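# Structural overview
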Amino acid sequence: MTELEIHLENCYGIRRFKHKFNFGESKTHLVYAPNGVMKSSLALTMEDIAEGRVSKDRIFSHRVNHREVKVDGVDIEQDQIFVIQRMKSAEFKEASTILANEKLKIEYDSLNSKLNESKNEFLKQIQPFFGIKSSLIENEIETIFNQNFFKILEIFNTEINDIKESIYGNIRYSEVFNTKTLKFLESKDFKTKIREYIKVYDTLVNENDSLFMKGTFNHYNADTVTKSLKDNNFFSANHKVKIKEHEIANAQELEDLISNEKEKVLKDPELANKFNEIDKALNSNAELRKFRSYVEENQEIIKELADLSNFKKKLVINYLAKLKSEFNVLLKLHKDTSEQRGKIVIEAKKEQDDWRKVIDIFKRRFTVPFEVHIKNQEDVILNNEPASLLFKYTDGVGPDDTKLLGGAELQESLSTGEQRVFYLLNIIFQIETRRKLNKNQIVIVDDIADSFDYKNKYAIIEYLKDVLEDPHFFMIVLTHNFDFYKTIKSRLGSKINYQGNWTTTRKAGEIELTVGEKRDVFPILRSNYDNCDFTFIACIPFVRNLIDFTIGDDNNNYLLLTSLLHMKPERVDDGIAKTEDLTVQSVLDIFNSTFQQTKTKANSAELVYDLIKVKAEEIYNFANRISMDIKFKICISIAIRLKAEKFMISKIVDPQFHTNIFKKQTGQILGKYKKEFPTETQNIGILDRVNLMTAENIHVNSFMYEPLMDLTDDHLKTLYEDVKTLT
């Protein structure tokens, strides 16, 4: 692979981006992109190509999307792209969260998700029968049958489908089985009354002249037969039915006969007496009166109350039978997905050796307070468990000082950083899997090291370096972290210091890549301060910090350079002029002394304060044409600070207020200004931004200049523009 050409338009906030990456010059291309410029948008678009998805602009969705990526002039293939998104915490919602090939994992989780959605929809449909929250029904059913929900469906499939007419359809589960009724129904006194009632009832239905017979033909069977004959127009076709000696010619006669037989049984004096005892017991409790109405209207359920566990099962089975069509659809989906999941498990088992290799790589390279183990090496895809990894923690040498965490415990016990280890493991697995393809791979890395400590950040970089030794792997590393940018630049081979090193700029929505720093900032500042005024100004805070660290902050050279970072009066005792009167030569002498040089400048007589103003204005005027590098940002930041301080000092009643401030001068002057001019809210807003955006960037933190790099050109330009409007 020699060249990767990318042309994107209207892709997730990228209005237009066109660039050719030359991998012949460098196998790694490093792109520094402050937040909001293009980093995640580029990664997401490339991931879309890999997954075969259509890209779009989320906000301006009406805009026409264009996406073209070519390798050596030919459209890139999907399996040539691997995108590593910024580190994420592991999610434990689906069974295959951890150990799975990404493609298999997505397919596995998709099957689970579809099945769970259908199951939840079915539970909502049967919710009215239960009278409890649909989210609780699954657990209730599993408790009743002591089986997994879908296993219950399989076991009772035939029985449910054989039910022609569901009984107890008007019995609401929650009205029979709740804490109030169960306490009453399980009492010894009530159970005695039920047994006596059932004994009399069974005697009556088994009498010789009764139409009914226990266990063969009862009230419910009779009602079912009557309804079926009537619904199927049996009597309309002039058919007759004979029950014992009774010959029935129409539906009404049959209904009357059945009704009379039921009345004869249920109103038998002895049975009525037993029922009245039950009725009286129920009626004595106000909390049970609603349940009593069920019993009064459906006396046949009384016999069910002798075995509450069995009655629960009957109710559930009959509820399911009332939604037979929906039940069968759900059961079929379960069987289909089970078969597909089984195939995925078989494929995943083939990857066991790859996972062992991944764990070994992780153990060698990364430092974490635990050991990572594969839980079931015989079944890498999970079996309805939340994870396939174990974390082994050791806190001492005793037998009780070791703890293995797996399954649900991981969700509760691991920190966010530890959970991200799972994501990192999956990345390593996918890379190692792609190595076996012997096919060119473009790896897009989007801030992979976020939320890891420095040691593990370096471990990640060293692993990527190993990957790049494979001739088939090429890499684009995207980051908004300038410290990580510098580290990558120095560690991923010497060539990257000269080629493949980019920074981003946005102009009217169009993203451009310009060449990044080829060398570290400070050697450039040290070597060019004599022939570049921008570099000369940028050296002021750098040299000031060197003096502070090597000599101290009471040194005259330190104090003179401080007078160019803050508005300072003349220091007669130290022989230091006020800020506006310091010359280029006075500063040049300090630079030469610090760097042991003898450099000269043609404008040595010029005042540094005036030079800073002129150069800041030049930067402001060309900021739209070129990208601001570090020297430009330092220079314009100094100008912003000095303009802001000069404005505030000119307004404060006591013009000498600032003369004795030696620490955090801008903040203290701003505090005084706010007290004297609390109503100047517009000015205060601008000055607050000055204090926030420039203080650390050009003062104590000159060696850690990442915050200044992360400020976009537009931010600094706008702030400079606003400071000029202070009135």
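Residues numbered from 1 in each chain as written. Predicted model: local features only at pLDDT ≥ 70, side-chain atom pairs only at ≥ 80, totals over all residues. Heavy atoms only, no water.

This part covers the overall build of the protein chain. When helices and strands are tallied, the protein chain shows 29 helices and 15 strands. For the protein chain, the residues scored as buried account for 50% of the 727 residues in total. Across the protein chain, the fraction of contacts at a sequence separation of at least 24, relative to all contacts at a separation of at least 6, is 68%. Carbon and sulfur atoms form 48% of the exposed surface of the protein chain, whose accessible area is close to 35,700 Å². (Helix = DSSP H or I, 4+ residues; strand = E, 2+ residues; numbered from the N terminus. Buried < 20%, exposed > 50% of the residue type's maximum accessible area, 1.4 Å probe, protein only. Contact = heavy atoms within 4.5 Å. Areas by Shrake-Rupley, 256 points an atom, 1.4 Å probe, with all protein chains shown as cover.)

This paragraph deals with the pairing of strand β14 (residues 501–507). Looking along a regular strand, one sees side chains alternate from face to face of the sheet. Judged by how many residues are buried, β14 sits mostly within the fold: five of seven residues are covered. As paired elements, strand β3 (residues 28–32) and β14 share three bridges and run parallel to each other. In the strand pairing of β14, Y32 is matched with T503. (Pairing = 2+ DSSP bridges.)

The next subject is the sheet that holds β14. Spatial strand order, β5-β4-β1-β2-β15-β14-β3-β13-β12-β6: 10 strands in an open sheet with mixed pairing. Two strands lie at the open edges of the sheet, namely β5 (74–75) and β6 (81–84), each paired on one side alone. Relative to strand β4 (residues 66–71), strand β1 (residues 3–11) is paired through six bridges, and the arrangement is antiparallel. Bridge pairing in β4 links L8 to R67. Each of β3, β13 (473–479) and β14 is contacted by helix α19 (residues 482–491), which is oriented at about 160 degrees to β3, the strand it contacts most. (Axes fitted to C-alpha atoms, helices over the stretch in contact; angles between N-to-C directions.)

A few words now on the pattern of salt bridges. Counted according to the given criterion, the structure contains 23 salt bridges. Between E138 and K119 there is a salt bridge; the shortest N-O distance is 2.9 Å. Of this pair, E138 sits in helix α3 (residues 134–145) while K119 is found in helix α2 (residues 102–130), placing the two residues 19 residues apart along the sequence. Here K119 falls in the buried class, since its relative accessible area comes to 8%. (Salt bridge = Lys/Arg side-chain N within 4 Å of Asp/Glu carboxyl O.)

This next bit is on the packing of helix α21 (residues 533–550) against helix α24 (residues 608–622). It is the contact of α21 with α24, at a shortest axis distance of 10 Å, that shows an interaxial angle of 115 degrees. Handedness of the crossing formed by α21 with α24: left-handed. Facing α21, whose interface residues are D533, F534, F536, I537 and I540, α24 presents V608, L611, I612, K615, E618, I619 and F622. For the contact of α21 with α24, the residue count by class is nine nonpolar, no polar and three charged. (Left-handed = near helix turned anticlockwise from the far one by under 90°. Nonpolar A, V, L, I, M, F, W, Y, C, P; charged D, E, K, R; others polar.)

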